[in-house]
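# Observations on chain architecture
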Protein chains: 4
Amino acid sequence: MNAPEQLFASVNALPDVQSHADHRQLAIQRVGVKSLVHPVMIQTTTGPQPSVATVDMTVSLPPEIKGTHMSRFLEVFQTHQDPLSYHALQSLMNAMLVRLESQQGYIKIAVPYFVRKSAPVSGVESLMDYQVTLECEELQNQRLTTFTVVVPVTSLCPCSKKISEYGAHNQRSHVTIAAQIEGPVEIEELITVAERAASCELWGLLKRPDEKYVTERAYDNPKFVEDLVRDIALALSQDRRIKGYSVESENFESIHNHSAYAKIDHLHYS
Amino acid sequence: MNAPEQLFASVNALPDVQSHADHRQLAIQRVGVKSLVHPVMIQTTTGPQPSVATVDMTVSLPPEIKGTHMSRFLEVFQTHQDPLSYHALQSLMNAMLVRLESQQGYIKIAVPYFVRKSAPVSGVESLMDYQVTLECEELQNQRLTTFTVVVPVTSLCPCSKKISEYGAHNQRSHVTIAAQIEGPVEIEELITVAERAASCELWGLLKRPDEKYVTERAYDNPKFVEDLVRDIALALSQDRRIKGYSVESENFESIHNHSAYAKIDHLHYS
Amino acid sequence: MNAPEQLFASVNALPDVQSHADHRQLAIQRVGVKSLVHPVMIQTTTGPQPSVATVDMTVSLPPEIKGTHMSRFLEVFQTHQDPLSYHALQSLMNAMLVRLESQQGYIKIAVPYFVRKSAPVSGVESLMDYQVTLECEELQNQRLTTFTVVVPVTSLCPCSKKISEYGAHNQRSHVTIAAQIEGPVEIEELITVAERAASCELWGLLKRPDEKYVTERAYDNPKFVEDLVRDIALALSQDRRIKGYSVESENFESIHNHSAYAKIDHLHYS
Amino acid sequence: MNAPEQLFASVNALPDVQSHADHRQLAIQRVGVKSLVHPVMIQTTTGPQPSVATVDMTVSLPPEIKGTHMSRFLEVFQTHQDPLSYHALQSLMNAMLVRLESQQGYIKIAVPYFVRKSAPVSGVESLMDYQVTLECEELQNQRLTTFTVVVPVTSLCPCSKKISEYGAHNQRSHVTIAAQIEGPVEIEELITVAERAASCELWGLLKRPDEKYVTERAYDNPKFVEDLVRDIALALSQDRRIKGYSVESENFESIHNHSAYAKIDHLHYS
């Protein structure tokens, strides 16, 4: 009722500044919307999971066009509500390129992601949250899809353990894995790679016997920030589905007010 | 299977340091967990809506007890998965106080919250996101429940309009309403109060006739940061369900790199 | 040179919307500027220190006045460039109240703050950074000055130490002390109170013998989040210059992805 | 005094785990410290300016070495306190590579940066703050230096102006210029390029005649996000000192709760 015949007449009568010709002869690689907050479903190994996404969607703009049509990005996004997965992301990219009449595009969707885990001794269940980013870039008929996970873990310092009579400083670390893929890879698989390489993984809920377990496990398994990224890089490099990867670890040192940091970068850049 | 008889024997054998007596004779008003990220459902006027919450849960600790039991907060939270509402929040508070054996407690749950809106002329639908915080505090048998909404709006400067031959600077502003309540109030009602007082409300998706409408509407309706908080305070003070309130507006000035800010505070402090 | 006679004629000719009468009969407790970023000097025990402040400055507005004069806040701030101290803050408040013609006002200045420290064994020197906030509120002829420090420290879990054969989980924690004062108190004094109560304090630069020291010191000195706030509250309550205080600790648990948190609140609320 | 002969004996006696051989045969591109907060001086056109930096410093680590020596980064940084400039950054890089015995390295220093500006009509002076990042990367004997500025400006929508009877939505935008350089370029020059391309630049302090000026100036000078990046790209591409550049604009739309965004990327990637 808000959009009668009269409206469409009026729409057509309004000048369309964005479609004007542009005389600077400069292509724009990315133009669109950024930091759109929207509810989404994500595909997990145990079914679709609701989450809240922060979304960037852009296309390239040829030199002769003055502006893109911003409202179309929203239209595309809100009509593609399949649970987010490798394939759903490709489909969203295809729809965006068609609707925006562009050959090149970039989509980035960041979501909190949850995995139900059982505590290592008591078996009590709880959710762990991870920050996950799904990216897709179409560039000169080449498509690059990247899944990134930020995995919080425990790191325990080998040097501190070695030189001290007792104890060892440990801390929360953020391991970030970016994996360039050409087909489906489960987010949980990337999380598992990071957690296995850590001094110890984290859980939402731990009972006392679990706390004893994780304390001793971390002490038995000291890791420098360098060890973390190397062990993870080894694992990722052996997965044929992963075409390129980077792995970072930021250790929020418990003995300093800055971080220890390492990165191995084997990404293919476009 | 991870928690056999043997485990419980071992749990009981582990020392329980937190239950020891404490000799400093100092009560702690709030002790518990902070910044827990967890999926939730929220009750809206059109049914339950999935979101992702950031949760703080604390209880008070009497002088003679050394420590609280941190894992119980998680247990309470993850077993109370009713869609968040005024009543569900009370029920969560009751459960926490019982499980933590405390007389006083505080719960704070922050969530992105979505409202489906129709654009003002074209009628196209899209979601707008708002930051919502639900708080509940039990203090000496008095319970205080507070719903807070951050509502992004347009503000257009009356001074700029008045002194300029044409145009007027305008910008995105964040209106924050905190309402102390003793019974259910819909979050959408608070959002509507803020949006009505603004130079113009925001939408996710606007077509050109809508953009013309919102531009002219804002220009017809200039508001200082002071006007925003006063108009909203007037509306809130007339709602008998609201026992206390504060209203703030932060205008991210388009002509400065700092904000214009105003606050009217009629909250009851505990 | 940019402001000749002609200008002032023109200034006076421009309508002054903010000075109009207002008919809603609602006082505003706080109106002014927020999130102004500005270089400052801070007074320390070893002399003035340059830093970068984020500044909020507001006054109250009586019911009959439509708006405040935003540009005056900047004028006041940039002409009061004495190194920030208890007394400089009082002087800034006085100047703001006079210039804005108000009886009530609030100033909040947040700065990174640095202390030169010697490592515990090697004696090598480095700077530690702390987040410091200076607040001053004038309310019905009563003035409340509050200094807040966020002190990053190491906390080592007593329960983890007790129940484990070896090791103990530890992590970076943020201890926040807010002290209400009526005369000068050195920021370093508040920092020292927090650092003494921790399992161990932090340094920017540690050599291996220092790392051995801090590892063993933390293990010898386990502290729950509850212990931290109680030990600090005891110390603060014995300082007669401190009229009211709160102390919080947020432990960024190395075994979870959420924080353990405690707060003791003995602030006087206005 | 804290480091007598005895200490050095003890230092040498402590095992040096980081210097052990590593058997995974994986080089690490970047390892070092991240998010170090430290006071600095920055060179400006009007002399050295104090600020507070957030610093990342990393080197590459060959496959056969187990770990880097984290404390050396701090030592290097705190002994190189020349005002930050193109040349000081090169000198810091040289010192780091020598001290860390590495062929490759990366330094990133982010600082708030201030420029004293005169209001356009009244001439009143105030400071504007900008976020500036200085980066230097040494990679296979090729060095890449990048200066990045984030410049807050006003953007006014040409479409909104064209289709509306009166008014036009405008907002604060962040223009980000990254310039790859091989010799000194003044940060103020990059800021000026961004401000000239905007609908209007920002000031800390504006009097009423200034506010009239900036309102009318923005209305006379509407710019899409696409126009902003194109006009700036044109200017940057004509500066022979700039070997590569990217320019982004994020417009914090006053009519939406998301941003309009555009990027032109002519950076040389290593």
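Just so it is clear, the model here is predicted, and its values are computed rather than measured. Counting restarts for each chain: residues are numbered from 1 in the order of the written sequence. Each chain takes a letter, starting from A, and each ligand takes a number, starting from 1, following the order in which they are written. Only residues with pLDDT of at least 70 get local features here, since the model is predicted, and only at 80 or more are side-chain atom pairs given and counted; chain-wide, interface and lining totals rely on the full set of residues. Hydrogens and waters are ignored; side-chain quantities use all the structure's heavy atoms.

### Notes on the overall build of chain A
The secondary structure listing takes helices from DSSP runs of H or I that are at least 4 residues long and strands from runs of E that are at least 2 residues long, numbered from the N terminus. Along the backbone of chain A there are seven helices and nine strands. In terms of overall dimensions, chain A has C-alpha extents of about 80 × 40 × 35 Å along its principal axes. The buried label applies to any residue whose accessible area, calculated with a 1.4 Å probe on protein chains only, is under 20% of its type's maximum; exposed applies above 50%, and partly exposed to all values in between. Put simply, chain A has 270 residues, and 63% of those count as buried. Here, residues are in contact when the closest pair of their heavy atoms is within 4.5 Å. For chain A, long-range pairs separated by at least 24 residues make up 63% of all intrachain contacts whose partners lie at least 6 apart in sequence. Only the protein chains shown count as covering a residue, and every accessible area follows the Shrake-Rupley method with a 1.4 Å probe. With an accessible surface of roughly 10300 Å², chain A has 50% of that area assigned to carbon and sulfur atoms. Here chain A holds 24 positive side-chain charges and 32 negative ones, and the gap between their average locations is 3 Å. In summary, the charge assignment counts Lys and Arg as positive and Asp and Glu as negative, without counting His or the chain termini. Where a charge lies is defined by one atom per residue type, namely NZ (Lys), CZ (Arg), CG (Asp) and CD (Glu).

### A closer look at the interface of chain A and chain D
Each partner contributes residues to the interface: chain A has 51 residues there, and chain D has 51 residues. Here's the idea: put two parts together, see how much 1.4 Å probe accessible area each one loses, and the total over both is what we call buried area. When the buried area of chain A at its contact with chain D is split by residue, R24(A), K34(A) and R230(A) rank highest and sum to 17% of it. Contacts described as polar in this section are N or O atom pairs within 3.5 Å, which, within protein, must combine one atom able to donate a hydrogen with one able to accept it, while residues neighboring in sequence count only if both atoms come from side chains. Connecting chain A to chain D are 23 residue pairs in polar contact (both at pLDDT 80 or more). Elements represented by at least two residues in the side of chain A that touches chain D include exactly β1 (28-44), β2 (47-61), α2 (70-79), α4 (158-163), α7 (225-237) and β9 (259-266) of chain A. Residues are grouped as follows: Ala, Val, Leu, Ile, Met, Phe, Trp, Tyr, Cys and Pro are nonpolar; Asp, Glu, Lys and Arg are charged; all remaining types, including Gly, are polar. Residue classes in the side of chain A that touches chain D are distributed as 27 nonpolar, 11 polar and 13 charged. Where β1(A) and strand β9 (residues 259-266) of chain D come together, five bridges link them in antiparallel fashion. Bridging across to β9(D), G32(A) finds its partner in Y261(D). Note on pairing: DSSP must find at least two bridges between two strands before they are called paired.

### A few points about helix α3 (residues 86-99) of chain D
The first and last C-alpha atoms of α3(D) sit 20 Å apart over 14 residues, in line with the 20 Å expected at 1.5 Å per residue. Looking at the residues trailing α3(D), positive phi occurs at E101(D), about 55°. Here, expected helix span is obtained from the residue count minus one, scaled by 1.5 Å.

### Quick notes on empty space enclosed by the protein
Gaps between atoms show up when a probe of the same size as a water molecule is rolled over them. Residue and element names in this part refer to chain D. Only protein atoms enter the 1 Å grid used here, on which a cavity is any set of points holding a 1.4 Å probe that cannot leave and a pocket is any open set flanked by protein within 12 Å on both sides along at least five of seven lines; residues with an atom within 4 Å of a point are listed as lining. Grid points are joined across faces, edges and corners, and a volume is the space filled by probe spheres set on the points. Counted by the stated rule, this structure contains 15 cavities of 30 Å³ or more. Its boundaries defined by the atoms lining it, the largest cavity holds a volume of some 100 Å³. Lining of the largest cavity is provided by V40, M41, F77, H80, Q81, D82, L84, A88, S91 and L92. For the lining of the largest cavity, the elements supplying multiple residues, two or more each, are β1 (28-44) and α3.

### Quick look at the relation of the copies chain A and chain B
For the least-squares superposition of copies, only C-alpha atoms count, and only for residues with pLDDT at least 70 in both. Placing chain A over chain B gives an RMSD of 0.0 Å and needs a rotation angle of 180°, together with 0.0 Å of translation along the axis. Both chain copies can therefore be described as sitting about a two-fold axis. The share of interface residues of chain A whose copies in chain B are also at the interface is 100%, consistent with both copies meeting through the same surface.

### Topic: the interface of chain A and chain B
The partner chain B presents 36 residues to the 35 residues of chain A that form the contact. Across the interface of chain A and chain B, roughly 3000 Å² is buried in total on both sides, 63% from carbon and sulfur atoms. E75(B) is the salt-bridge partner of K207(A), the closest N and O atoms lying 2.7 Å from each other. Summed over the shared surface of chain A and chain B, the number is six residue pairs in polar contact (both at pLDDT 80 or more). For the side of chain A that touches chain B, the secondary-structure elements that each account for two or more residues are α1 (5-13), β1, β2, α2, β3 (105-118), β4 (125-139) and α6 (208-220) of chain A. In terms of residue class, the side of chain A that touches chain B is built from 18 nonpolar, 10 polar and seven charged. Throughout this description, the term salt bridge denotes a Lys or Arg side-chain nitrogen within 4 Å of a carboxyl oxygen of Asp or Glu.

### Focus on the packing of helix α5 (residues 187-197) of chain B against helix α7 (residues 225-237) of chain B
Residues and elements named next belong to chain B. Axes, fitted as lines to C-alpha atoms, cover a helix only where it is in contact. Angles between the N-to-C directions of the axes lie from 0 to 180 degrees. With their axes 9 Å apart at the nearest point, α5 and α7 run at an angle of 140° to one another. Classified by the interaxial angle, the pair formed by α5 and α7 is oblique. Judged by the twist between their axes, the crossing of α5 over α7 is right-handed. Within the contact between the two elements, α5 uses L190, V193, A194 and A197 and α7 uses L228, D231, I232, A235 and L236. Per-class residue counts for the contact of α5 with α7 are eight nonpolar, no polar and one charged. Comment on the angle field: the value is read as roughly parallel under 35 degrees, roughly antiparallel over 145, roughly perpendicular from 65 to 115, and oblique elsewhere. Throughout, a crossing is termed right-handed when the near helix is turned clockwise from the far one, and left-handed when it is turned anticlockwise from it by less than a right angle.

### Considering the packing of aromatic side chains
Only the six-membered ring of Trp is used, alongside the rings of Phe and Tyr, when aromatic pairs are assigned; centres must lie within 6.5 Å, and planes under 30 degrees apart are stacked while those over 60 apart are edge-to-face, with the rest tilted. Going through the model one piece at a time under the given rule, you end up with four aromatic pairs over all chains. Seen from their ring centres, Y166(A) and Y219(C) are 5.3 Å apart, and the 40° between their planes marks the pair as tilted. Of this pair, Y166(A) sits in the loop between α4 and β6 (170-181) while Y219(C) sits in helix α6 (residues 208-220), which puts the two residues in different chains. Here Y166(A) falls in the partly exposed class, since its relative accessible area comes to 29%. Y219(C) gets classed as buried once you look at its relative accessible area, which sits at 13%. Above the plane of the ring of Y219(B) lies K161(B), whose end atom (NZ or CZ) is 4.6 Å from the centre. The ring of Y261(B) is capped by K34(C), whose NZ or CZ atom sits 5.0 Å from the centre of that ring. For a ring to carry a charge above it, either NZ of a lysine or CZ of an arginine must fall within 6 Å of the ring centroid while also lying within 35 degrees of the normal to the ring plane.

### Digging into the relation of the copies chain A and chain D
When chain A is fitted to chain D, the best match, at an RMSD of 0.0 Å, comes from turning it 180° and sliding it 0.0 Å along the axis. Taken together, the interface assignments show that 100% of the residues at the interface of chain A recur at the interface of chain D, consistent with an identical surface on both copies.

### Here's the deal with the side chain of S246(B)
Residue and element names in this part refer to chain B. On the secondary structure map, S246 appears in strand β8 (residues 242-251). Judged by relative accessible area, which is 4%, S246 ranks as buried. If we ignore the near neighbours within four places in the chain, the residues touching S246 are T176, I177, A178, K263, I264, D265, H266 and L267.

### Quick look at the pairing of strand β8 (residues 242-251) of chain A
All names here are of chain A. Taking burial as the measure, the 10 residues of β8 include eight buried ones, the bulk of the element. Here seven bridges tie β8 to β9, and the two strands are oriented antiparallel to one another. The residue bridging E250 from the neighbouring strand is Y261, located in β9.

### So, the pattern of salt bridges
Applying the stated rule across the entire model yields 60 salt bridges over all chains. Between D239(D) and R241(D) there is a salt bridge, with the nearest N and O atoms lying 2.8 Å from each other. Three or more residues joined by partner-sharing salt bridges are found here, namely E75(A), R99(A) and K207(B).

### Focus on the packing of helix α2 (residues 70-79) of chain D against α3(D)
All names here are of chain D. Where α2 meets α3, the axes come as close as 10 Å, and the angle between the chain directions of the two elements is 145°. In the crossing of α2 with α3, the sense of the turn from one axis to the other is right-handed. Contacts between α2 and α3 involve R72, F73, E75, V76 and F77 on the former and, on the latter, L92, A95, M96 and R99. For the contact of α2 with α3, a count of residues per class yields six nonpolar, no polar and three charged.

### Brief notes about unusual backbone geometry
With a phi close to 45°, Q140(A) is a non-glycine residue in the positive phi region. In this structure, Q140(A) sits in the loop between β4 and β5 (142-156).

### A few points about the confidence of the model for chain A
Regions with low pLDDT should not have their predicted coordinates read in detail. With 94% of its residues at a pLDDT of at least 70, chain A reaches an overall mean of 93. On the interface metric, ipTM, the complex scores 0.92, and its pTM is 0.93. Every residue is assigned a pLDDT by the predictor, reflecting its confidence on a scale from 0 to 100.

### Considerations on the state of the cysteines
All names here are of chain A. When two cysteine sulfur atoms are found within 2.5 Å, that pair is recorded as a disulfide. Inspection of the entire model under this criterion finds zero disulfides over all chains. Residue C157 stays outside any disulfide, its sulfur separated by 5.0 Å from that of C159, the closest cysteine. Given the relative accessible area of 9%, C157 is considered buried.

### Overview of the environment of D239(A)
Residues and elements named next belong to chain A. Checked against the element boundaries, D239 lands in the loop between α7 and β8. Remark: the alpha-carbon pair of D239 and F252, spanning 13 residues in sequence, is separated by 29 Å. Polar contacts involving the side chain of D239 include one to the side chain of R241, which spans 2.8 Å.

### Description of the environment of Y269(A)
Residue and element names in this part refer to chain A. Tracing the backbone shows Y269 in the segment after β9. Since its relative accessible area comes to 55%, Y269 is described here as exposed. Taking the C-alpha atoms as reference points, Y269 and G244, 25 residues apart in sequence, are found 9.2 Å from one another.

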